Number of protein chains: 4
Amino acid sequence: MSSVFGTIFRVSTFGESHCAAVGAVVDGAPAGMKLAESDIQSQLDRRRPGQGELTTPRDEKDVVTILSGVENGVTLGTPIALMVHNRDQHPSDYQEMAGIPRPSHADYTYQAKYGVRASSGGGRSSARETIGRVAAGAIAEKYLAERYGIEIVAWVESVGEIGCGAIDLENITRSMVDATPVRSPDPGAARAMSELIAEVRDQKDSVGGVVGCVCRNLPAGLGEPVFDKLEAMLAHAMLSIPATKGFEIGSGFGGSRMRGSAHNDPFVQKGGRLGTTSNYSGGVQGGISNGEPVHFRVAFKPPATIALKQQTAAFDGTDAVLEAKGRHDPCVVPRAVPIVEGMTALVMMDLLLRQEYRKRSG
Amino acid sequence: MSSVFGTIFRVSTFGESHCAAVGAVVDGAPAGMKLAESDIQSQLDRRRPGQGELTTPRDEKDVVTILSGVENGVTLGTPIALMVHNRDQHPSDYQEMAGIPRPSHADYTYQAKYGVRASSGGGRSSARETIGRVAAGAIAEKYLAERYGIEIVAWVESVGEIGCGAIDLENITRSMVDATPVRSPDPGAARAMSELIAEVRDQKDSVGGVVGCVCRNLPAGLGEPVFDKLEAMLAHAMLSIPATKGFEIGSGFGGSRMRGSAHNDPFVQKGGRLGTTSNYSGGVQGGISNGEPVHFRVAFKPPATIALKQQTAAFDGTDAVLEAKGRHDPCVVPRAVPIVEGMTALVMMDLLLRQEYRKRSG
Amino acid sequence: MSSVFGTIFRVSTFGESHCAAVGAVVDGAPAGMKLAESDIQSQLDRRRPGQGELTTPRDEKDVVTILSGVENGVTLGTPIALMVHNRDQHPSDYQEMAGIPRPSHADYTYQAKYGVRASSGGGRSSARETIGRVAAGAIAEKYLAERYGIEIVAWVESVGEIGCGAIDLENITRSMVDATPVRSPDPGAARAMSELIAEVRDQKDSVGGVVGCVCRNLPAGLGEPVFDKLEAMLAHAMLSIPATKGFEIGSGFGGSRMRGSAHNDPFVQKGGRLGTTSNYSGGVQGGISNGEPVHFRVAFKPPATIALKQQTAAFDGTDAVLEAKGRHDPCVVPRAVPIVEGMTALVMMDLLLRQEYRKRSG
Amino acid sequence: MSSVFGTIFRVSTFGESHCAAVGAVVDGAPAGMKLAESDIQSQLDRRRPGQGELTTPRDEKDVVTILSGVENGVTLGTPIALMVHNRDQHPSDYQEMAGIPRPSHADYTYQAKYGVRASSGGGRSSARETIGRVAAGAIAEKYLAERYGIEIVAWVESVGEIGCGAIDLENITRSMVDATPVRSPDPGAARAMSELIAEVRDQKDSVGGVVGCVCRNLPAGLGEPVFDKLEAMLAHAMLSIPATKGFEIGSGFGGSRMRGSAHNDPFVQKGGRLGTTSNYSGGVQGGISNGEPVHFRVAFKPPATIALKQQTAAFDGTDAVLEAKGRHDPCVVPRAVPIVEGMTALVMMDLLLRQEYRKRSG
């Protein structure tokens, strides 16, 4: 009762790390839109492991197939089922962890919740679960871009204690982000981040980071007061991504230290509409987009599965030492970039469709 | 399509700042539970304005009436309608703001979204909207406490740049929080916070702050992977509160700077269940509660309505100077404490009811 | 978790027969629409008891108050809370039924479900529960009529074995329906129906009936395949009305006896659009409206509460004789007419708003 | 926004008649339940075409694959994705219908709704869409049977004007139903039905029918007043099946002609619980199951696609004669039997899970 996201543009994802396939069914996609697998594959390729030194060497091709909802390259308005086969399964890597729940991983809580859990890998808590999100998000993104010119760009803002310089929210592009393997648009910082990731990997450890994201050209009026405010939906979406620990929009936690006179964004005429001269609001006021760029940040913790020995307890309560095997990312943020973009697209698409009907009723 | 919150314990709130009444309908409350208006009133009293120097002098009694769903002091399992009349309306305070959208307030975005807006006060974006949440939350909280011993305590963690000292998450109580008017359990910090709030009020300005919250005795197993993870639902709930800009759980943004070997919470036997020796996870792993205290923080921006003159633009795009009249809080965090608690209760209640059926199906 | 109806135009009803008030909160009503209590009161007056000889003499005024969502006579796009106070409570009428569940009434099943039930009257299973539906439906109906010219008219098609003659679906109006107290547009049949109702009332018995309904000027394209087909939503809505036992659309059960060559509705050009020369489909094909009148029928059973002695069993399983006191309708269909209209309006409104966004995405 | 069914046990179906695959994702299935593809295949085999003389000769194997949610033959509590490949596609059969909407089929309304439609076959309005429902229903049915002993049996009650004799609701079984190809448990009537179907097939025509269904051993207490009454959910589910025109529960339309004194079901002690001596209620009172068999009937119209020439209009409004090619059932009710059972299982499963949590809160 929890793998469905959205009210009108509804995405139902499925798949564990080691079952036959992962994917999603997208219900509510507009009819009459051109759509091919290549529109989806590009973001999956940015998400998949094995892209370079910094990520796990598990090399799945993650090729998406559209099973339904599209005929002659055009969407029918009916559910679009998307499937990616799982390959390259090494379940034996996980055998010795069967009796010992990985600290800060989902082994213990899945067992507590369901009374059973996938015996290998993370099951549904694995990063492979995000394939369905990214695939569905790519469909949303295409619609948003083609009909509204909406652009969504995410980047790595920090890895551990290394942060990037100021980002030009109006002009940053995905190609600028992809210019470095770590996906941070500040070349100097990117180099240091890469070195840090390599270092923690060599130490059999892991490290966290922050992903920033901007959504441009969003029309004013999106977001549904009071419970489905734009920032509430974004926060929900972002904190549903594995390994996230925080979300802030606009001024965020820093804004809590400011005075209203400094924080308020004054209005000014901007080419036929009201805009603001600053953007501490992050593009949202009262839970509704104001036409300025929506800007937010997402905190990711260091991955829980590390090769370092850990003193912990087994499921039966006895003392245990865990030394994880298998292939694991030392840092998730470079691959999290397309996931953050995908979830952003899902939120904006749903809010946009929820708002569109209202324009006719003015 | 946005004033309904929850899947099984479903709350539908209503009311603008200056209409006849505000309130909520609670659908899905368990039958057979003792419930009186006094169970709800206490949290409303903590939320209402006019409690002291630090809040707006608008003195509503905010007396709640239960309209339905309870007979002879016992819930029937049917919808519980809760109503609080609005009083003390000074719509004239708002007349001069009719043509000028308040910077960083919802005037502009409501107009953009709906093509119309409440002519006085914040309408639905007003803090009075939160009355329905707090009232509904009090019902949830009573159930959680009586059946599970679950305790929810929030407090003011910072006002502007002034933070409180470390909080003992296991032992903090509401009476410790209410010991100071600013609702921060660190007496020294509380005094400084009060002074700061008085200072910005005298400067006709406003200031932000952070609210911390802990939820204790939550059973392991709550939270619905993948989209309705416990932290995702909390983030959604918190960012739906007016004036919030950020959310973090456990280590939060700080965790993004840590190594996995330090961040992982080792398991240890704790009185018949597995617990953890540290709690960087904030009581949640893989989106599911692990039995440790759930701990999170919420950032509030400085209130947008200030009496200081502001250079801005009118709805028609012309330059304008705004000087807000009316009664407005210089800082919302003391009154936000019961709102954060109420929304926490709504989230936990819904997740608990969503989980309860599962226990029978093992 | 069951008193909320609709996806975009969402209605949350509340109230038992003998609590303080009954009503509804309407979430998702379009902004900018003129709305006054008088727009709602007229349908409530058609629903309320005490309209004449044929209904229960319990004389409530059932005066509706709009608590929120409307300012200066215009909807704000925010939740509209509607309240009707309960009056004229005679709980003592119900005392002797406390130990004996009324046969075919909800006493037993509410007790089985909730472990508690309203001690007097039907509680939530009472006909008073429908006040919220009718009030919310009146708002939907106003929007449908003003923006689309949609007309919804229901009538009594039969009482017991007495049926009315053929109805002209294109031209029947509410004033034709209201011309007789029994609300059947065939004067001869209406007289016989009234006599039958009076007869069963004098016999301390009750009788069932059928309500017919037509919805005209609905645009083609409403209804959401596959699970929320127009007829599925109507069937859901109608079978949620107390005392209903059946629903059929277009040819209905009679259609099951026909050949396809006779049942198929041939297309023909009708003033710029395709129409059909017959309407066995009832205005719906593949779950989607085709622009022809939507026509359906709803079966109501005889009311369960009768003054005749009934041999039955008490809650404790012992034999018992029940002789109901209190004021009860001998036949519900005359008052069911505005309820059927109201639920029809809720269904059409929600489907219309769900469709409107799609028109922009062609 | 319409291919998702259920609140807790949520089924999302996908697939057109001529795309790559059809199927469903089941979210909310209980963990720890044994499940294999063979548990699902049996009902699919009863649904598939090509079972005999009476159905279309299109012979798909309709082999189901479980893509996720099951490991080592046990459900994980995570989404179960089910896929059936489409084969045997003859899109050329449909070419000449491209310009002419089939009377009483969904060609015209899909085009009106979406502005595009599947160019071959019925697309999403095809009977193949029901594969996902039957597959998901089989999972629900297994849980209901194993944990509660709930039995669901449907049968053909009439074909055209030929009806079967009285059914023993307590004892009818699927093997009794499957004893004849037409799936009517009355051998004499079944023979006549088969002859009628053969006759209308030879006449290039089609014929409707009625399916009856009983659900036994359902515990008292299922159904969610007021909008999600058990009969409302069933009516919704049944009218969402292609080609349905009516639904009645218990006494149905016949009950509208009865007196209350005859229609009321007297209570009587039945082995430790209250039961009723008659069952005009159809197992439901006040929208909640009372422990008696739930009994209802569903009307199916004659299939719209017939080989007889039909005078109609083309999409462009010009007169046209349609003579459908391709393989089409002359009567859908024999194959509708497992579809009705599947949808019944989905409704009961969801209501049961919605009720289970309540038992713990008494």
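Residues numbered from 1 in each chain as written. Chains lettered and ligands numbered in written order. Predicted model: local features only at pLDDT ≥ 70, side-chain atom pairs only at ≥ 80, totals over all residues.

Q: What should I look at first to understand the overall build of chain A in this one?
A: Of the regular secondary structure elements, chain A holds 9 helices and 18 strands. Against the globule reference of 21 Å for 362 residues, chain A gives a C-alpha radius of gyration of 21 Å, in line with a compact fold. Structurally, chain A occupies a C-alpha span of about 65 × 50 × 35 Å along its principal axes. Here the contacts in chain A between residues at least 6 apart in sequence split such that 71% fall between residues at least 24 apart. (Helix = DSSP H or I, 4+ residues; strand = E, 2+ residues; numbered from the N terminus. Rg over C-alpha atoms; globule rule 2.2 N^0.38 Å. Contact = placed C-beta atoms within 7 Å.)

Q: I would appreciate a short explanation of the relation of the copies chain A and chain B in the present structure.
A: Here two copies of a chain appear, and what relates them is a rotation about an axis with a shift along it. Superposition record for chain A on chain B: RMSD 0.0 Å, screw rotation 180°, translation along axis 0.0 Å. The transformation relating the two chain copies, once decomposed into turn and shift, fits a two-fold axis. Minimal C-alpha separation from the rotation axis in chain A is found for His236(A), amounting to 2.3 Å. (Least-squares fit on C-alpha atoms with pLDDT ≥ 70 in both.)

Q: Quick question: what am I supposed to make of the sheet that holds strand β10 (residues 209-216) of chain C here?
A: Remark on secondary structure: sheet strands pair via backbone hydrogen bonds, oriented parallel or antiparallel. One open sheet accounts for 10 strands, arranged β9(C)-β8(C)-β10(C)-β16(C)-β11(C)-β11(D)-β16(D)-β10(D)-β8(D)-β9(D); its pairing is antiparallel. If you trace the sheet from one side to the other, it starts and ends with β9 (162-163) of chain C together with β9 (162-163) of chain D, each paired once. Bridge count for strand β11 (residues 244-249) of chain C against strand β11 (residues 244-249) of chain D is 3 bridges, and the pairing is antiparallel. Paired with Glu248(C) across the strands is Gly246(D), a residue of β11(D). (Pairing = 2+ DSSP bridges.)

Q: Would you take a moment to explain the packing of helix α1 (residues 37-47) of chain A against helix α3 (residues 130-148) of chain A for this structure?
A: When two helices pack together, you describe them by how their axes are tilted relative to each other and by the distance separating the axes. Residues and elements named next belong to chain A. As a packed pair, α1 and α3 sit with axes 8 Å apart at the nearest point and diverge in direction by 135°. By the angle between their directions, the pair α1 and α3 is classed as oblique. In the packing of α1 onto α3, the handedness of the crossing is right-handed. Contacts between α1 and α3 pair Asp39, Ile40, Gln43, Leu44 and Arg47 from the former with Thr130, Ile131, Val134, Ala135, Gly137, Ala138, Ile139 and Lys142 from the latter. The residue makeup of the contact of α1 with α3, split by class, is 7 nonpolar, 3 polar and 3 charged. (Axes fitted to C-alpha atoms, helices over the stretch in contact; angles between N-to-C directions. Parallel < 35°, antiparallel > 145°, perpendicular 65-115°, else oblique. Left-handed = near helix turned anticlockwise from the far one by under 90°. Nonpolar A, V, L, I, M, F, W, Y, C, P; charged D, E, K, R; others polar.)

Q: I tried to follow the confidence of the model for chain A on my own but got confused; where do I start?
A: As a note on interpretation, predicted positions should not be read in detail where pLDDT is low. Chain-level statistics for chain A give a pLDDT mean of 93 and a share of 92% at 70 or above. The ipTM, which scores confidence in the relative placement of chains, is 0.96 for this predicted complex, and the corresponding pTM is 0.96. (pLDDT = per-residue confidence, 0-100.)

Q: Looking at this model, I keep getting lost on the sheet that holds strand β2 (residues 10-14) of chain B. Mind explaining?
A: Residue and element names in this part refer to chain B. An order of β1-β2-β3-β7-β4 is seen for the 5 strands of this open sheet, with the pairing classed as antiparallel. Taken across any chain shown, the strands that pair with only one partner, and hence form the sheet edges, are β1 (4-5) and β4 (64-66). Relative to β2, β1 runs antiparallel, the two being bridged by 2 bridges. Following the sheet pairing, Val4 is matched in β2 by Ser12. Here helix α1 (residues 37-47) sits on the sheet in contact with β4 and β7 (80-85), set at roughly 155° to β4.

Q: What is the right way to read the pairing of strand β18 (residues 319-322) of chain A from this model?
A: On any regular strand, side chains alternate: one points to one face of the sheet, the next to the other face. Pairing geometry for strand β17 (residues 310-313) of chain A and β18(A), over 4 bridges, is antiparallel. Residue pairing across strands places Gln311(A) opposite Val321(A), the latter belonging to β18(A).

Q: Before we go on, may I ask you to explain unusual backbone geometry in this structure?
A: Excluding glycine, residues mostly have negative phi values, and the peptide bonds linking residues are mostly trans. Here the residue pair Pro225(A) and Val226(A) is connected by a cis peptide bond, since its omega of 10° sits within 30 degrees of zero. Here Val226(A) lies in the loop between β10 (209-216) and α6 (230-239). Phi angles above zero are rare outside glycine, and Asn72(D) is one such case at about 55°. Position of Asn72(D) among the secondary structure elements: in the loop between β5 (70-71) and β6 (74-75).

Q: Help me out: how do you make sense of helix α6 (residues 230-239) of chain D in this one?
A: Two residues of an α-helix separated by three or four positions point the same way, owing to the 3.6 residues in each turn. Among the 10 residues that make up α6(D), 10 are buried, leaving the element largely enclosed by the rest of the structure. Within the span of α6(D), buried status applies to Leu230(D), Glu231(D), Ala232(D), Met233(D), Leu234(D), Ala235(D), His236(D), Ala237(D), Met238(D) and Leu239(D). (Buried ≥ 20, exposed ≤ 12 C-beta atoms within 10 Å, placed from the backbone.)

Q: Got a minute to help me understand the environment of Arg191(A) in this structure?
A: Along the chain, Arg191(A) falls in helix α5 (residues 187-202). Sequence separation between Arg191(A) and Pro181(A) is 10 residues, and the spatial gap between their C-alpha atoms is 9.1 Å.

Q: Any chance you could explain the environment of Arg354(D) here in plain terms?
A: Residue and element names in this part refer to chain D. Relative to the elements of secondary structure, Arg354 occurs in helix α9 (residues 333-359). Residue Arg354 is classed as buried on the basis of its C-beta count, with 24 C-beta atoms lying within 10 Å. Residues Arg354 and Val321, 33 residues apart in the sequence, show an inter-C-alpha distance of 51 Å.

Q: Sorry, what's going on with helix α5 (residues 187-202) of chain B here?
A: All names here are of chain B. Over its 16 residues, α5 runs 23 Å from end to end, which matches the ideal 22 Å to within 8%, given 1.5 Å per residue. Looking at α5, one finds that the buried residues are Ala189, Ala190, Met193, Ser194, Ile197, Val200 and Arg201. Seen end-on, α5 carries its buried residues on one side only, within an arc spanning 140°. Counted as exposed and oriented over 90 degrees from the buried face of α5: Gly188 and Asp202. Buried residues belonging to α5 abut β8 (151-159) and β9 (162-163). (Expected span 1.5 Å × (residues − 1). Arc of directions from axis to C-beta.)

Q: Before we go on, may I ask you to explain the environment of Pro30(C) in this structure?
A: Along the polypeptide, Pro30(C) turns up in the loop between β3 (21-27) and α1 (37-47). Taking the C-alpha atoms as reference points, Pro30(C) and Ser42(C), separated by 12 residues in sequence, lie 21 Å from one another.

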